[in-house]
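Report on the structure
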Amino acid sequence: MTLDRRVINIYDTPYTAYNLDGPVQKDIQLLNISYSKETGHGWYVIRMAPGAASIPHTHGSREEYLILEGDLVESDGTVLKEGDFVNYAPGTHHNSRTENGCLLIGLNRAEE
């Protein structure tokens, strides 16, 4: 029996420049696990260099992410740290920045 399986190691797999919310941002790196630009849904990993900030954007679907390493400061001033899980409803407008660098795993998904 052959298993239909794909294994990705988030520490060993090469990342690409982030481009999900507009122009390429070279201080933010993306590892696309299953994210589809067509549907706007799927899993991804983001690595942000110290001082990086995302472009302000509005979510068309639910966005959830878990901070694996570092810090993330949300546009309302909320400071997130390792282990914090965030859940944004569709229609939420925000951006994020990091002071010391950040690694997070995220999922954009349809409402149930």
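Before going into details, it helps to say that this report is about the structure given with it. (Residues numbered from 1 in each chain as written. Predicted model: local features only at pLDDT ≥ 70, side-chain atom pairs only at ≥ 80, totals over all residues. Heavy atoms only, no water.)

Concerning the nonpolar core
With 16 residues, the main nonpolar core has Ile46, Met48, Tyr65, Ile67, Leu72 and Leu104 as its most contacted residues. Those elements that provide at least two residues to this core are strand 2 (25-32), strand 3 (42-48), strand 5 (62-74), strand 7 (85-88) and strand 10 (102-109). Excluding its chain neighbours within four sequence positions, the residues that come into contact with Met48 are Asp27, Ile28, Ala53, Ser54, Leu72, Ser96, Arg97, Thr98, Gly101 and Cys102. Counting residues in each nonpolar core, the second largest holds 5 residues, with Ile10, Tyr15, Leu31 and Leu103 among its members. (Core = buried A, V, L, I, M, F, W, Y, C linked by side-chain atoms within 4.5 Å. Buried < 20%, exposed > 50% of the residue type's maximum accessible area, 1.4 Å probe, protein only. Helix = DSSP H or I, 4+ residues; strand = E, 2+ residues; numbered from the N terminus. Contact = heavy atoms within 4.5 Å.)

Some details on the environment of Gly101
Its location among the elements puts Gly101 in the loop between strand 9 (96-97) and strand 10. Between the alpha carbons of Gly101 and Ile55 there is a distance of 16 Å; along the sequence they are 46 residues apart. Those residues in contact with Gly101, other than ones at most four positions away along the chain, are Met48, Ala49, Pro50, Glu69, Gly70 and Asp71.

Considerations on the pairing of strand 7
The two faces of strand 7 differ: Val86 and Tyr88 on one face are buried, but Phe85 and Asn87 on the other face are not. Sheet topology places strand 5 next to strand 7; 4 bridges connect them, and they run antiparallel. By the bridge assignment for strand 7, Glu63 is matched with Tyr88. (Pairing = 2+ DSSP bridges.)

Focus on the pattern of salt bridges
The full count for this structure, using the stated rule, is 3 salt bridges. Residue Arg109 is joined to Glu64 by a salt bridge in which the shortest nitrogen-to-oxygen separation is 3.1 Å. With a gap of 45 residues between them, Arg109 in strand 10 and Glu64 in strand 5 connect regions that are remote in the sequence. For Arg109, a relative accessible area of 22% gives the class partly exposed. The exposure class assigned to Glu64 is buried, which follows from its relative accessible area of 12%. (Salt bridge = Lys/Arg side-chain N within 4 Å of Asp/Glu carboxyl O.)

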